[in-house]
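Close look at the chain arrangement
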Amino acid sequence: MQLAWENSQLLKFQSGSSQGQFPLTQNVTVVEGGTAILTCRVDQNDNTSLQWSNPAQQTLYFDDKKALRDNRIELVRASWHELSISVSDVSLSDEGQYTCSLFTMPVKTSKAYLTVLGVPEKPQISGFSSPVMEGDLMQLTCKTSGSKPAADIRWFKNDKEIKDVKYLKEEDANRKTFTVSSTLDFRVDRSDDGVAVICRVDHESLNATPQVAMQVLEIHYTPSVKIIPSTPFPQEGQPLILTCESKGKPLPEPVLWTKDGGELPDPDRMVVSGRELNILFLNKTDNGTYRCEATNTIGQSSAEYVLIVHDVPNTLLPTTIIPSLTTATVTTTVAITTSPTTSATTSSIRDPNALAGQTGPDHALIGGIVAVVVFVTLCSIFLLGRYLARHKGTYLTNEAKGAEDAPDADTAIINAEGSQVNAEEKKEYFI
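Residues numbered from 1 in each chain as written. Predicted model: local features only at pLDDT ≥ 70, side-chain atom pairs only at ≥ 80, totals over all residues. Heavy atoms only, no water.

**Topic: the nonpolar core**
Ranked by size, the top nonpolar core spans 22 residues in total, and within it Leu 50, Trp 52, Ile 85 and Leu 114 carry the most contacts. Every element with two or more residues in this core is listed here: strand E2 (28-31), strand E3 (36-42), strand E4 (50-53), strand E5 (59-62), strand E8 (82-87), strand E9 (96-102) and strand E10 (108-117). Sort the elements by how many residues they give to this core and E3 lands first, with four residues. With residues up to four places along the chain from it excluded, the contact list for Leu 114 reads Val 28, Val 30, Ala 36, Asp 94, Glu 95, Gly 96 and Tyr 98. (Core = buried A, V, L, I, M, F, W, Y, C linked by side-chain atoms within 4.5 Å. Buried < 20%, exposed > 50% of the residue type's maximum accessible area, 1.4 Å probe, protein only. Helix = DSSP H or I, 4+ residues; strand = E, 2+ residues; numbered from the N terminus. Contact = heavy atoms within 4.5 Å.)

**Side note on a nonpolar patch on the surface**
On the surface, Val 271, Leu 280 and Phe 281 cluster together into a nonpolar patch covering about 250 Å² of accessible area. Within the element layout of this structure, Phe 281 appears in the loop between strand E24 (276-279) and strand E25 (288-295). Residue class for Phe 281 comes out partly exposed when judged on its relative accessible area of 44%. (Patch = residues over 30% accessible without salt bridge, like charges linked within 9 Å, V, L, I, M, F, W, Y side chains within 5 Å. Areas by Shrake-Rupley, 256 points an atom, 1.4 Å probe, with all protein chains shown as cover. Salt bridge = Lys/Arg side-chain N within 4 Å of Asp/Glu carboxyl O.)

**Digging into the UniProt feature "transmembrane region" (unreviewed entry) in the chain**
Residues given the UniProt feature "transmembrane region" (unreviewed entry) here are residues 364-384. This span, residues 364-384, is 100% helix and 0% strand, and a straight line between its end C-alpha atoms measures 30 Å. (UniProt positions renumbered as here; feature names shortened; annotations may be inferred.)

**Concerning the sheet that holds strand E26 (residues 300-307)**
Spatially, three strands are ordered E22-E25-E26 in an open sheet, and the strand pairing comes out antiparallel. Each end of this open sheet is capped by a strand with a single partner; those strands are strand E22 (255-259) and E26. The sheet shows a mean angle of 20 degrees between the axes of neighbouring strands, direction not considered. One ladder, built from eight bridges, connects E25 with E26; its direction is antiparallel. (Pairing = 2+ DSSP bridges. Axes fitted to C-alpha atoms, helices over the stretch in contact; angles between N-to-C directions.)

**Some points on the sheet that holds strand E1 (residues 23-24)**
Here four strands make up an open sheet; going across it, the order is E1-E3-E8-E7 and the pairing antiparallel. Only two strands of the sheet have a single neighbouring strand rather than two, namely E1 and strand E7 (73-78). Relative to E8, E3 is paired through six bridges, and the arrangement is antiparallel. Paired with Leu 38 across the strands is Ile 85, a residue of E8.

**What about the pattern of salt bridges?**
Applying the stated criterion across every chain yields a total of 22 salt bridges. Here Lys 249 makes a salt bridge to Asp 193, at a shortest N to O gap of 3.1 Å. One end of the pair, Lys 249, is in strand E21 (residues 240-249); the other, Asp 193, is in the loop between strand E17 (178-187) and strand E18 (196-202), with 56 residues separating them in the sequence. One salt bridge in this structure joins Glu 304 and Arg 291, with 3.2 Å as the shortest N-O distance. Of this pair, Glu 304 sits in strand E26 while Arg 291 sits in strand E25, and the two are 13 residues apart along the sequence. For Glu 304, a relative accessible area of 52% corresponds to the exposed category. Via salt bridges that share partners, Arg 154, Glu 161, Lys 163, Arg 200 and Asp 202 belong to a single interconnected network.

**Considering the state of the cysteines**
This structure, assessed with the given rule, holds three disulfides. The partner cysteine of Cys 142 in its disulfide is Cys 199, sulfur to sulfur 1.7 Å. The chirality of the disulfide connecting Cys 142 with Cys 199 is left-handed, given an S-S dihedral of about -70 degrees. Of this pair, Cys 142 sits in strand E13 (residues 137-147) while Cys 199 sits in strand E18, placing them 57 residues apart in sequence. Each member of the pair, Cys 142 as well as Cys 199, is classed as buried. Each disulfide pairs two cysteine sulfurs, and for Cys 244 the partner residue is Cys 292, the sulfurs being separated by 1.6 Å. With the S-S bond torsion at -75 degrees, the cross-link from Cys 244 to Cys 292 turns out left-handed. Residue Cys 244 is found in strand E21, and its partner Cys 292 is found in strand E25; the two are separated by 48 residues along the sequence. Classification of Cys 244 as buried rests on a relative accessible area of 0%. A relative accessible area of 0% means that Cys 292 is categorised as buried. For the chain, numbering the cysteines in disulfides from first to last along the sequence yields the connectivity 1-2, 3-4, 5-6. (Disulfide = S-S within 2.5 Å.)

In structure tokens:
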């Protein structure tokens, strides 16, 4: 009956304070260990007393007078219109319904429910044993206790949430808080090595700052091997470095180099330094299959590289052999006789190897031009020789004409000048 009456009074207050004097309260939520403020207000009060009572109906304050000896409870404000008190270091046992009473006839009351949030403990991750072998199934469990209401647990791997997890909620012995656990199952591979797995606990008591636990995974796996050449086009006479890039956990060290299934044939020229095989200069005998082998405690792996040594390309510009005359002889003979004789003999012998192996329109064009130049030169020499021979023959003929009856050279010249009329008859030309 009393509870029904209080509820009816509360409904009257909620329907409007204009129907009379009613105390006004509000529910309070506080984190365990915090401080709760309970306030009761009356809009219209004709000097009527106000009182706060705890869930056990023990009076805490009557107006400004403290009734319960509890050092955690203090008066905040007391007047005819308001009575406010504080409860510090709130515990879970303080949770419940508090009553503000206005001593009118009849007494009017208002209820305020104090909710105490249980803060979850820092989560712990269990089930991890280091190291884990690649391909093994891992089961991690994250657990937290003392939350009220029950906390929420979420899993993340590389900042990506994992949804497929198991969730379990259990009530603690005090029957007020909860222990929550979540289990994550997954099969690991080498990409999980060094990955941080995070368990995050969300709860309203944490003020949007979740509690987290982290576990960094250590995964052991067999090596992976790759051979990287220093040049994609190895050439004869050049150096070559083959790098054996190996990854594994634990790290394989050192690596083993072989050629065609056996040891390296020339250790003086093929030097192994760490993971590198350095061939100082290449030749065709280096052709073959080179193998790099890496081993750790988990297993073994290898890679192969087929070496083909290429010839050094001819980097010289293409040359053109110009046909030339290896021998060119020009002979001009002038005879001072009545029947002059001029002979010109031209012979040219081409180098039989001059045009060997040379083909193409450019070579033919150059050869033609050179031939024309040589021909024009020979013709010029021939015509010049003939011109000189003709003039010298004329001179000699004139001099001889006057010397027929002359006792000396001077007389011969005078006789020659006097005989100009018949000069043409005694001229001789060398043809």
